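Residue-level structure breakdown
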Amino acid sequence: MKNTALTQTHEALGAKIVPFAGYNMPVQYEGVNIEHETVRNAVGVFDVSHMGEFLIEGPNALDLIQKVSSNDASKLTIGKAQYSCLPNDDGGVVDDLIIYKIKEETYLLVVNASNIEKDWNWIQSKNDVGAEMRDLSEDYSLLAIQGPKAIEAMQSITSHDLSAIKFYNFVVGDFAGIENVIISATGYTGSGGFEIYCKNSEVKQVWDKVLEAGADFGIKPIGLAARDTLRLEMGYCLYGNDIDDTTSPLEAGLGWITKFTKDFTNSDALKSQKEHGVERKLVAFKLDDRGIPRQGYDIVDGNGQKIGIVTSGTMSPSLSIGIGLGYVPTVFASADSKINIQIRKNAVPATVVKLPFYKS
């Protein structure tokens, strides 16, 4: 297991450390519900340095990115980021990712920790245009500062006007006494905030200054367990659960990042799928009765016949009900459709709902 540059810091703070995507990661400090509410109501900081970062550079960088990604990266201007995915040749998804345009002919791709080697090999296998590729994953750290008080809490440690950085925009500048830090108005919680990219040698200083600056605003370190409940309340996909090598971006509700204004890997097949419709869809559901849906639980119809599977599920800390995502035939996919979640011996009734579950 690898450690992040802050593993010892988390241990000193009393975090429960678990193996995740090849790293020792803090899953919780005080408890999932407390940490969840901290991010929803104030501000929290996550160490997500296990994520991967690739630099794609050169005159053909955009050509390579356009070929491997589903979204249209030609729309990016310097200082903007874009959510996208890497389709495979079989109708599924290699990974989802964020693409940053750092400068002309320089792009940063941020990928999931468990897929770093797979993504690198995949992109490299498609690089017949001679784009320069560098894997920075081992050298860089990533902190997510999330919550409605993030701007106010962090403004004192940067000269940039944080309120002026729009969603999915970023600046490169000073933060917590370090220069050339990426301050990105992205996140995975639905409660606003920033993601901070810096070198491993700099992240301890950044972490300490973030906690110091946020002290008056109730900042707390937050673990991966609350990260999961927060993203699920928004209905954000998690790779390995809700999307994988067998799920089409159109089935997963990611048609909005699948642009057929260009050719990309497997785009003809996906375009045909869009034209003819998909047979199953990823839906969001709320339990009508008490219970907690979990990944892998069967979704059944009124006759007890299996029609799908839960891909993500939890007891929502904000809503105090069981919520989840899962794939079902399209006939069950419209809002207000009735389904059942098989929780041990009980088929617990549930209702398909529109996302997000949590509305601030």
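Cut-offs applied
- Residues numbered from 1 in each chain as written.
- Predicted model: local features only at pLDDT ≥ 70, side-chain atom pairs only at ≥ 80, totals over all residues.
- Heavy atoms only, no water.
- Pairing = 2+ DSSP bridges.
- Helix = DSSP H or I, 4+ residues; strand = E, 2+ residues; numbered from the N terminus.
- Axes fitted to C-alpha atoms, helices over the stretch in contact; angles between N-to-C directions.
- Contact = heavy atoms within 4.5 Å.
- Salt bridge = Lys/Arg side-chain N within 4 Å of Asp/Glu carboxyl O.
- Buried < 20%, exposed > 50% of the residue type's maximum accessible area, 1.4 Å probe, protein only.

Regarding the sheet that holds strand β5 (residues 52-57)
If you walk across this open sheet you meet the five strands as β6-β7-β8-β5-β9, and the pairing is antiparallel. In this open sheet, the two strands that pair with only one neighbour each are β6 (81-87) and β9 (132-135). Each strand of the sheet is rotated relative to its neighbour by a mean of 30°, with strand direction disregarded. With seven bridges connecting them, β6 and strand β7 (residues 93-103) associate as antiparallel partners. Residue pairing across strands places Gln82 opposite Ile99, the latter belonging to β7. This element, helix α4 (residues 116-125), spans β5, β6, β7, β8 (106-111) and β9 of the sheet and lies at about 170° to β9.

Quick notes on the pattern of salt bridges
This structure, assessed with the given rule, holds 14 salt bridges. When the shortest N-O distance is used, the salt bridge between Glu233 and Arg40 registers 3.0 Å. Of this pair, Glu233 sits in helix α7 (residues 224-234) while Arg40 sits in helix α2 (residues 32-41), placing them 193 residues apart in sequence. Where Glu57 meets Arg134, a salt bridge forms, and the shortest distance between an N and an O atom there is 3.4 Å.

So, the sheet that holds strand β10 (residues 140-146)
Taken together, six strands build an open sheet; the order of strands is β11-β12-β13-β10-β4-β14 and the sheet is mixed. Edge positions in the sheet fall to β11 (170-175) and β14 (220-221), since each has one partner strand and no second. In terms of strand pairing, strand β4 (residues 44-47) meets β14 through two bridges, oriented parallel. Of the residues in β14, the one forming a bridge with Gly44 is Lys220. Packing of helix α6 (residues 200-214) onto the sheet brings it into contact with β4, β10, β11, β12 (178-184), β13 (193-199) and β14, and relative to β13 it is tilted by some 145°.

Notes on the pairing of β12
Here β12 lies mainly inside the structure; five of its seven residues are buried. Alignment of β11 against β12, held across five bridges, turns out to be antiparallel. If you follow Phe170 over to β12, its bridge partner there is Ser184. As paired strands, β12 and β13 are joined by three bridges and run antiparallel to one another. Across the sheet, residue Ser184 finds its bridge partner in β13, namely Glu195.

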